Amino acid sequence: LFPGAFNCCTKISEEIPKGILRRVERFEIQKADGLCHLEAVILYIEDKKFCVSPRIKKVKKWMKKMKHKIHRRKLHVRKQRRIRITTKKVKKQ
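What counts as what
- Residues numbered from 1 in each chain as written.
- Predicted model: local features only at pLDDT ≥ 70, side-chain atom pairs only at ≥ 80, totals over all residues.
- Heavy atoms only, no water.
- Salt bridge = Lys/Arg side-chain N within 4 Å of Asp/Glu carboxyl O.
- Buried < 20%, exposed > 50% of the residue type's maximum accessible area, 1.4 Å probe, protein only.
- Helix = DSSP H or I, 4+ residues; strand = E, 2+ residues; numbered from the N terminus.
- Contact = heavy atoms within 4.5 Å.
- Polar contact = N/O pair within 3.5 Å; in protein donor to acceptor, adjacent residues only side chain to side chain.

Novice: Before we move on, could you go through the pattern of salt bridges and cite the residues and values that matter?
Specialist: As enumerated under the stated definition, the model contains 1 salt bridge in all. In this structure, the salt-bridge partner of glutamate 28 is arginine 26, at a minimum N-O distance of 3.1 Å. Judged by its relative accessible area of 33%, glutamate 28 falls in the partly exposed class. Given the relative accessible area of 40%, arginine 26 is considered partly exposed.

Pasting the structure below:
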């Protein structure tokens, strides 16, 4: 096996932009044992992968909330607003 053949995070971010967590489709936890030498949380958004520190408070809180939804794909579909159709009453003269 080749050392570059594994999908490990080699660098992690200590900060995370505001809107990233809302768009995450799935995530993985990378342990610092075995093949990868860095502890990280890998966030998958569309076709991109973001490696962040598991020590970020925002990420810890989010992972706890998402624990039961790990394998569920999150689709962001905007709900349409209900439109109330009102008719005006015409006064008879």
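Novice: So, the environment of glutamate 28: which residues are in play, and what are the values?
Specialist: Here glutamate 28 lies in strand 1 (residues 26-30). Considering only alpha carbons, one finds glutamate 28 and tyrosine 44, 16 residues apart in sequence, at a separation of 8.4 Å. When residues no more than four places from it in sequence are discounted, the contact partners of glutamate 28 are Ala40, Val41, Ile42 and Tyr44. Engagement of the side chain of glutamate 28 in a polar contact is seen with the side chain of arginine 26, the distance being 3.1 Å.

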